[in-house]
Amino acid sequence: MLDAFSRAVVSADASTKCIGGEDLASLRNFISEGNRRLDAVNAIASNASCMVSDAIAGMICENQGLIQAGGNCYPNRRMAACLRDGEIILRYVTYALLAGDASVLEDRCLNGLKETYTALGVPATSTVRAVQIMKAQAAAHIKDQPSEEFAGARLRKMGSPVVEDRCASLVAEASSYFDRVIAALS
Ligand SMILES: CCC1=C(C)/C(=C/C2=NC(=C\c3[nH]c(/C=C4\NC(=O)[C@H](C)[C@H]4CC)c(C)c3CCC(=O)O)/C(CCC(=O)O)=C2C)NC1=O
């Protein structure tokens, strides 16, 4: 597992260079914007169970065969496995966002997941749909702009200090980790 710092070391070592220039500038930025990153991780982690249940519910609403006999969220044992998988995926995305590197997500969560799903008959397209919903939710929570339309009475704001760009680069980074999950299952 790598993070932004160890990744810089590994890539410098691979080309037998000292660490300098651009690498240091990017790490300096990683440090100076570190509190935003922690707030972004917290925004996802502290809304995780609501995000997962909402994403799985949305996936099922759009494809109700999943909870009928023969569907992969039927019976309750499979529904529970699906909710658990949603939590696992979201948890590894937050680890990657904290580390500033996707390797923890790739190595410990996505590696072999598609093959496991194929073997078990878990529909990857439905999982992808749930992940897409979590990607949209995470962007809203990092920006601290969850929509009333979707959240209804459960609307919850983090109250993080608002910066002008609403942490656009962290939204993009988190989105890229969700995209890796989608790519790994597609
Ligand atoms: C650390 C990383 C890690 C991951 C990611 C992981 C996933 C994982 N999900 C599994 C099952 C499962 N996963 C699902 C998931 C779903 N079913 C649906 O219809 C939806 C599309 C979807 C939820 C979004 C289901 C239903 C099962 C049980 C399948 C079965 O036993 O028939 C299994 C088989 C063993 C078990 O049931 O516990 C694994 C290994 N395990 C891990 O250790």
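Look up a bit, the structure's there.
Parameters and conventions
- Residues numbered from 1 in each chain as written.
- Predicted model: local features only at pLDDT ≥ 70, side-chain atom pairs only at ≥ 80, totals over all residues.
- Heavy atoms only, no water.
- Salt bridge = Lys/Arg side-chain N within 4 Å of Asp/Glu carboxyl O.
- Buried < 20%, exposed > 50% of the residue type's maximum accessible area, 1.4 Å probe, protein only.
- Helix = DSSP H or I, 4+ residues; strand = E, 2+ residues; numbered from the N terminus.
- Near = heavy atom within 4 Å.
- Polar contact = N/O pair within 3.5 Å; in protein donor to acceptor, adjacent residues only side chain to side chain.
- Areas by Shrake-Rupley, 256 points an atom, 1.4 Å probe, with all protein chains shown as cover.
- Nonpolar A, V, L, I, M, F, W, Y, C, P; charged D, E, K, R; others polar.
- Core = buried A, V, L, I, M, F, W, Y, C linked by side-chain atoms within 4.5 Å.
- Contact = heavy atoms within 4.5 Å.

**Regarding the pattern of salt bridges**
Side chains that carry opposite charge are capable of pairing whenever their charged atoms lie near each other.
Consideration 1: In the structure shown here, the tally under the stated rule is 8 salt bridges.
Consideration 2: Notably, a salt bridge pairs aspartate 85 with arginine 84, separated by 2.9 Å at the nearest N-O pair.
Consideration 3: Using a relative accessible area of 16% as the deciding quantity, one classes aspartate 85 as buried.
Consideration 4: With a shortest N-O distance of 2.7 Å, arginine 180 and glutamate 106 are connected by a salt bridge. Placement of arginine 180 in helix H10 (residues 168–185) and of glutamate 106 in helix H6 (residues 103–110) is noted, with a sequence separation of 74 residues between them.
Consideration 5: According to the relative accessible area criterion, arginine 180 is partly exposed, its value standing at 38%.
Consideration 6: Assessed through its relative accessible area of 27%, glutamate 106 is described here as partly exposed.

**What about the site of the ligand?**
Consideration 1: As a structural note, the neighbourhood of the ligand is formed by 23 residues, with Asn72, Arg78, Cys82, Arg84 and Asp85 the closest of them.
Consideration 2: In the model, an oxygen atom of the ligand is placed 2.8 Å from a nitrogen or oxygen of the arginine 84 side chain.
Consideration 3: Protein coverage of the free-state accessible area of the ligand, which is 880 Å², stands at 77%.
Consideration 4: The set of elements that each furnish at least two residues to the shell around the ligand consists of helix H4 (48–62), helix H5 (76–99), H6, helix H7 (113–120) and helix H8 (124–143).
Consideration 5: Along the lines of polarity and charge, the residues of the shell around the ligand split into 14 nonpolar, 4 polar and 5 charged.

**Structural notes on the nonpolar core**
Consideration 1: With 43 residues, the main nonpolar core has Met59, Leu97, Leu105, Met134, Ile142 and Val181 as its most contacted residues.
Consideration 2: Put simply, the parts of the chain that give this core at least two residues each are helix H3 (34–45), H4, H5, H6, H7, H8 and H10.
Consideration 3: Among all residues touching isoleucine 142, those that are not within four sequence positions of it are Ala40, Ala43, Ile44, Leu97, Cys167, Leu170, Val171 and Ala174.

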